[in-house]
Amino acid sequence: MALNKRVVLSSDHAAIEMRMAVAQRVTDLGWEAVDIGPSTPESTHYPEHGAAAAQLVASGDCRFGIILCGTGQGIMMAANKVKGVRCGVCSDLFSAEMIRAHNDANMLSLGARVIEEADAMQIAEVFLTTEFEGGRHGTRVDMISALEG
Ligand code: RB5
């Protein structure tokens, strides 16, 4: 499937406000933000939201995914169980650049109880504007994919 300009966003209850701010940055950068919620603050289960977003990335419906929970860790773990997904938690700009340039990550995870909203928006921007370098990094990404069986 051809690459597209759609970015799926999802979170648990801990990160709804931050998700909306990041979605706005995604839109401002010229991407279509596909926000699959949740939209209400009731306590919910991050594996469900991570998996739902990851399925849209794995299927090719969305080029990238940005997911959030309190730490970014649990929802990242769930997303990485979906075949074809490479998701990393980032709390700094350098990591956001590297997971695209070297790891060809197709999903980014953010921790709403770890970083500030402005930082989350900037991390998302770096993630979406950094290209994969390929070459020797492609060999290593292929090795990651091979582990999926
Ligand atoms: C929810 O309280 C919290 O556990 C969740 O948002 C996340 O931090 C899990 O990794």
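One can find the structure itself at the top, above this paragraph.
Residues numbered from 1 in each chain as written. Predicted model: local features only at pLDDT ≥ 70, side-chain atom pairs only at ≥ 80, totals over all residues. Heavy atoms only, no water.

A full pass over the atoms with the stated rule returns six salt bridges. Among the salt bridges present, the one from R6 reaches D61, with a minimum N-O distance of 3.1 Å. Of this pair, R6 sits in strand β1 (residues 6-11) while D61 sits in the loop between α2 (46-58) and β3 (64-69), and the two are 55 residues apart along the sequence. Given the relative accessible area of 32%, D61 is considered partly exposed. Each of the salt bridges in this network shares a partner with another, and the network as a whole consists of R6, E32 and D61. (Salt bridge = Lys/Arg side-chain N within 4 Å of Asp/Glu carboxyl O. Helix = DSSP H or I, 4+ residues; strand = E, 2+ residues; numbered from the N terminus. Buried < 20%, exposed > 50% of the residue type's maximum accessible area, 1.4 Å probe, protein only.)

Moving on, we get to the pairing of strand β2 (residues 32-35). Within a regular beta strand, the side chains point alternately toward one face of the sheet and then the other, so they alternate between its two faces. Both β1 and β2 contribute to a ladder of four bridges, which runs parallel. The residue bridging L9 from the neighbouring strand is D35, located in β2. Crossover handedness for the path β1 to helix α1 (residues 16-28) to β2: right-handed. (Pairing = 2+ DSSP bridges. Right-handed = clockwise from strand over helix to strand, strands pointing away.)

Our next topic: the site of the ligand. Around the ligand, the neighbouring residues are D12, H13, A14, Y46, C69, G70, T71, G74 and R113. T71 is positioned with one of its backbone polar atoms (N or O) 3.0 Å from an oxygen atom of the ligand. Between the ligand and R113 there is a distance of 3.3 Å, counted from an oxygen atom to a side-chain nitrogen or oxygen. By residue class, the composition of the shell around the ligand is three nonpolar, four polar and two charged. (Near = heavy atom within 4 Å. Polar contact = N/O pair within 3.5 Å; in protein donor to acceptor, adjacent residues only side chain to side chain. Nonpolar A, V, L, I, M, F, W, Y, C, P; charged D, E, K, R; others polar.)

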